[in-house]
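# Architecture at a glance
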Amino acid sequence: MITGFRSAAQLTGGGVLVWSLLGRLPNAMCPIGTLLLVTRNTDSVWRGSVVAGALAVGQAVGGPLVGRLADRRGQRSTGLFAAAANTVAILVLVAASEGGLDLVWQIASAASIGLSVPLVGPLSRSRWIGLADGEAELTSSMLSLDGIVDEISFTTGPALVGVLATLASPAVGLLTAAALVGVCATLFALHPTAAPGTAAHGATGARGKRATRRRSGESLLTAPYVLLLAGMALLGACFGSVQVGVTATTDALGRAGAAGLLYGFMGFTSAFAGIATAALPTRWGLPLRLRAGTVLLCSASVLLLFSGGGVAALAAAIGCLGVAVAPQMITIFGLAERTVPTARLGEAMAALVSAIILAQSAGTFLGGWFADHVGPTAPFRVTVASAAAALLLALLTATDRRYRRRIPAHSGARARADLDADARTPAGAVSAAEDAVRPGSGSTPKPKTTPTPGADSRQDGEPTRPQREGMEQSTPSRRA
């Protein structure tokens, strides 16, 4: 495990991991910072929730768009633009709230923050997967390492905002987030590991759009990927309902201040489980890990129903739930890597995060209703229902056949398209004519040659082993 992490760190470079961690902190700081800022300045929790909700919706909508731009135009240019726009949007929200502007302006600026998030986390995952170049163990190590960075950022971010809001004001927390975006997200975008885009330069009009779609690969909404989106959404519903349940239960126990510590404890156990995921043997395939992870998630969520007797019991149940979180997310991201076209990996990762955000909001809403109408531990019923649905989905659909690594869309299809395009040009026609009379093409007899030592034993005109392998790779197999 340590060797895998060392290889991953050497491949990425220590600096970019630091920028990746610090660049993600604002993503965790802005929602709670927005809620605290607007609530304090308007003296209304409802108004703060509305503005924070606009930020979440903006992020859920804008995430896939930014990811698609990064896939087409490159992570560097897209990341630089998003970092600059996001920094400005945060500053505008602080100015609008501190200046007492109408709520509409605050909602618009919060939505702009969500729309322009630089997506350091999703783009990091697509970047690391590209660097791993298909090596299963290295890909697993890099996704595990990225999962740990994610857990640290989403645990540290809200805590940092809380400390700054207590010592100074919520505005200071958001200004710190703006500084981190402007500096660290920019450095992350400028790092040499930034993936280039895949758009066809110089192509315009309908022909250019068709070329771009051909280079971007097949449709993203395949059946396996939609199932992954559903699984990630159910995990997000667990997050939202757990947050409400922990807050309501600790408040009913007279220990409301313990809620933040319990969130941090869940992040700690989740990060530890993420580290352990890298030590799992590769013979334990990702579909098997997904099924096992959902079993653990469902079992741990059931414990939450019996945790209302005290903070210790709640902490034990929350810790068990955290053990299931990081492995589940790492596995889903790993399955997405083998499911979606490589040229659309950033967009796919961003859409998975958007699914978490939207479902988390829905889980929070349902959990709040249950807490108000049933009892403080009732939100955990939403958690159990979501985990049970995730388990059923995984048991019915997570198979090696469904999530078999697909042949890259650009390997065979693009090669054939390029050959057809060349044949339509004069130069391509000449080249095709030359190929037609080359030895071995069938138009002229192939001269007999003396076999060299180690060469394949074959009849004249029969393709060589490298040629056969090339044919097999360029022609989709029946199983695929």
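Shown above is the structure to which this text applies.
Residues numbered from 1 in each chain as written. Predicted model: local features only at pLDDT ≥ 70, side-chain atom pairs only at ≥ 80, totals over all residues. Heavy atoms only, no water.

## As for the packing of aromatic side chains
For any pair of aromatic rings, geometry is given as the distance between the ring centres together with the angle between the planes. To keep it simple, the criterion reads: Working definition: rings of Phe, Tyr and Trp (its six-membered ring) pair if their centres are within 6.5 Å, and the pair is stacked with planes under 30 degrees apart, edge-to-face with planes over 60 apart, and tilted otherwise.
Applying the stated rule across the entire model yields one aromatic pair. On the basis of an interplanar angle of 80° and a centroid distance of 5.3 Å, the ring pair of tryptophan 369 and phenylalanine 370 is categorised as edge-to-face.

## A short note on the pattern of salt bridges
Condition: One speaks of a salt bridge when a side-chain nitrogen belonging to Lys or Arg is within 4 Å of a carboxyl oxygen belonging to Asp or Glu. Strands are runs of DSSP state E lasting at least two residues, helices are runs of H or I lasting at least four, and both sets are numbered from the N terminus onward. Note on exposure labels: buried denotes an accessible area under 20% of the residue type's maximum, exposed denotes more than 50%, and partly exposed covers the range between, all computed with a 1.4 Å probe on protein chains only.
Enumeration according to the criterion identifies five salt bridges in this entry. The salt bridge involving aspartate 150 is made with arginine 24; its shortest N-O contact spans 2.9 Å. A residue pair is termed long-range when its members are at least 10 positions apart, and aspartate 150 in helix α7 (residues 136-167) and arginine 24 in helix α2 (residues 14-42) qualify at 126 residues. The class for arginine 24 is buried, based on a relative accessible area of 3%. In this structure, glutamate 347 engages arginine 344 in a salt bridge whose closest nitrogen and oxygen atoms are separated by 3.2 Å. The exposure classification of glutamate 347 matches that of arginine 344, with both residues buried. Put simply, Arg24, Arg125 and Asp150 are held in one network by salt bridges that share partners.

## Quick word on the environment of glycine 157
What counts here: Only heavy atoms enter the contact rule, under which two residues are in contact if any of them lie within 4.5 Å.
Among the structural elements, glycine 157 can be located in helix α7. Taking the relative accessible area as the measure of exposure, glycine 157 reaches 0% and is therefore buried. For glycine 157, the residues in contact, after removing those within four places along its chain, are Leu25, Ala28 and Met29.

## A few points about unusual backbone geometry
For aspartate 43, which is not a glycine, the phi torsion comes out positive at approximately 55°. Assignment of secondary structure puts aspartate 43 in the loop between α2 and α3 (45-73). Using a relative accessible area of 71% as the deciding quantity, one classes aspartate 43 as exposed. Notably, leucine 119 is not glycine yet its phi reads approximately 60°, a positive angle. Among the secondary structure elements, leucine 119 is positioned in the loop between α5 (103-115) and α6 (120-132). A relative accessible area of 5% places leucine 119 in the buried class.

## Brief notes about the nonpolar core
Note the threshold: Note on terminology: a nonpolar core comprises buried Ala, Val, Leu, Ile, Met, Phe, Trp, Tyr and Cys residues joined through side-chain atoms within 4.5 Å.
Membership of the largest hydrophobic core comes to 53 residues, with the highest contact counts inside it found for Tyr225, Leu304, Phe333 and Leu352. Listing elements by their share of this core, those giving two or more residues are α3, α10 (223-252), α11 (258-277), α12 (286-304), α13 (311-339), α14 (345-373) and α15 (379-397). A total of 13 residues in this core trace back to one element, the largest contributor, which is α13. Counting 39 residues, the second-largest nonpolar core is a separate cluster that includes Ala89, Ile113, Leu119 and Ala350.

## Remarks on empty space enclosed by the protein
We count it as follows: Of the two site types, the cavity is a set of points on a 1 Å grid over the protein atoms alone where a 1.4 Å probe fits but cannot get out, and the pocket is an open set with protein on both sides within 12 Å along at least five of seven lines, each lined by residues with an atom within 4 Å of a point. Grid points are joined across faces, edges and corners, and a volume is the space filled by probe spheres set on the points. For this scheme, ten residues count as nonpolar: Ala, Val, Leu, Ile, Met, Phe, Trp, Tyr, Cys and Pro. Four count as charged, namely Asp, Glu, Lys and Arg, and the remainder, Gly too, count as polar.
Across all of its chains, the model carries three cavities of 30 Å³ or more by this definition. Of the volumes computed, that of the largest cavity is approximately 100 Å³. Taken together, 13 residues line the largest cavity, and the ones lying closest to its centre are Leu227, Gly231, Leu290, Leu393 and Ala394. Elements that contribute at least two residues to the lining of the largest cavity include exactly α10, α12, α13 and α15. It is α15 that provides the largest number of residues to the lining of the largest cavity, a total of four residues. Of the pockets and cavities examined, the second largest cavity occupies roughly 50 Å³. Lining the second largest cavity are Gln75, Gly79, Pro118, Val120, Leu123, Arg127, Ala185, Phe188 and Ala189. When the residues that make up the lining of the second largest cavity are grouped by side-chain class, the tally is six nonpolar, two polar and one charged.

## Some remarks on a nonpolar patch on the surface
We count it as follows: Patch definition: residues with relative accessible area over 30% and no salt bridge; like charges joined within 9 Å; nonpolar side chains (Val, Leu, Ile, Met, Phe, Trp, Tyr) joined within 5 Å. The Shrake-Rupley method, run with a 1.4 Å probe, gives the accessible areas here. Residue values count only the displayed protein chains as cover.
Together, Val57, Val61, Leu65 and Leu115 give the surface a local cluster of nonpolar side chains, amounting to about 350 Å² of exposed area. Here the nonpolar patch takes three residues from α3, the largest share from any one element. Tracing the chain through its elements places leucine 65 in helix α3. Relative accessible area serves as the criterion here: at 51%, leucine 65 is assigned to the exposed category.

## A closer look at the side chain of threonine 383
Structurally, the position occupied by threonine 383 is in helix α15. What makes threonine 383 buried here is its relative accessible area of 0%. In this structure threonine 383 touches Cys238, Ser241, Val242, Ser301 and Leu304, once residues within four positions along its chain are discounted.

## Description of α10
Rule in force here: Here a helix's expected span is defined as the number of its residues, less one, multiplied by 1.5 Å.
Counted at 1.5 Å a residue, the expected span for α10 with its 30 residues is 44 Å, and the 43 Å between its end C-alpha atoms agrees. Taken from the residues just after α10, glycine 254 is the one with a positive phi, measuring 75°.

## Side note on the side chain of serine 169
Mapping serine 169 onto the fold places it in the loop between α7 and α8 (170-190). If near-sequence neighbours (up to four positions away) are discounted, serine 169 is found in contact with Arg40 and Leu164.

## Describing α6
Taking 1.5 Å per residue as the helical rise, α6 with its 13 residues ought to reach 18 Å, and the 18 Å between its terminal C-alpha atoms agrees with that figure. Among the 13 residues in α6, 11 count as buried, and that is most of the element. Along α6, the residues that are buried comprise Val120, Gly121, Pro122, Leu123, Ser124, Arg125, Ser126, Arg127, Trp128, Ile129 and Ala132. Phi for aspartate 133, located one or two positions after α6, is positive at around 60°.

## Overview of the packing of α7 against α13
Let me state the cut-off plainly: Axis definition: a line fitted to C-alpha atoms, over the contacting stretch in the case of helices. Angles run 0 to 180 degrees between N-to-C directions. Angles are sorted into four bins: roughly parallel if under 35 degrees, roughly antiparallel if over 145, roughly perpendicular if 65 to 115, and oblique for all others. The sense of a crossing depends on the near helix, which, turned anticlockwise from the far helix by less than a right angle, makes the crossing left-handed and, turned clockwise, makes it right-handed.
In contact at an axis separation of 10 Å, α7 and α13 are set at 130° when each is read in the N-to-C sense. In this view, α7 runs oblique relative to α13, as classed from their interaxial angle. Two packed elements cross with a definite hand, and for α7 against α13 that hand is right-handed. Residue-level inspection shows Thr139, Leu143, Ser144, Gly147 and Glu151 of α7 in contact with α13, the latter providing Val325, Ala326, Ile330, Phe333, Gly334 and Glu337. The residue inventory of the contact of α7 with α13, partitioned by class, reads five nonpolar, four polar and two charged.

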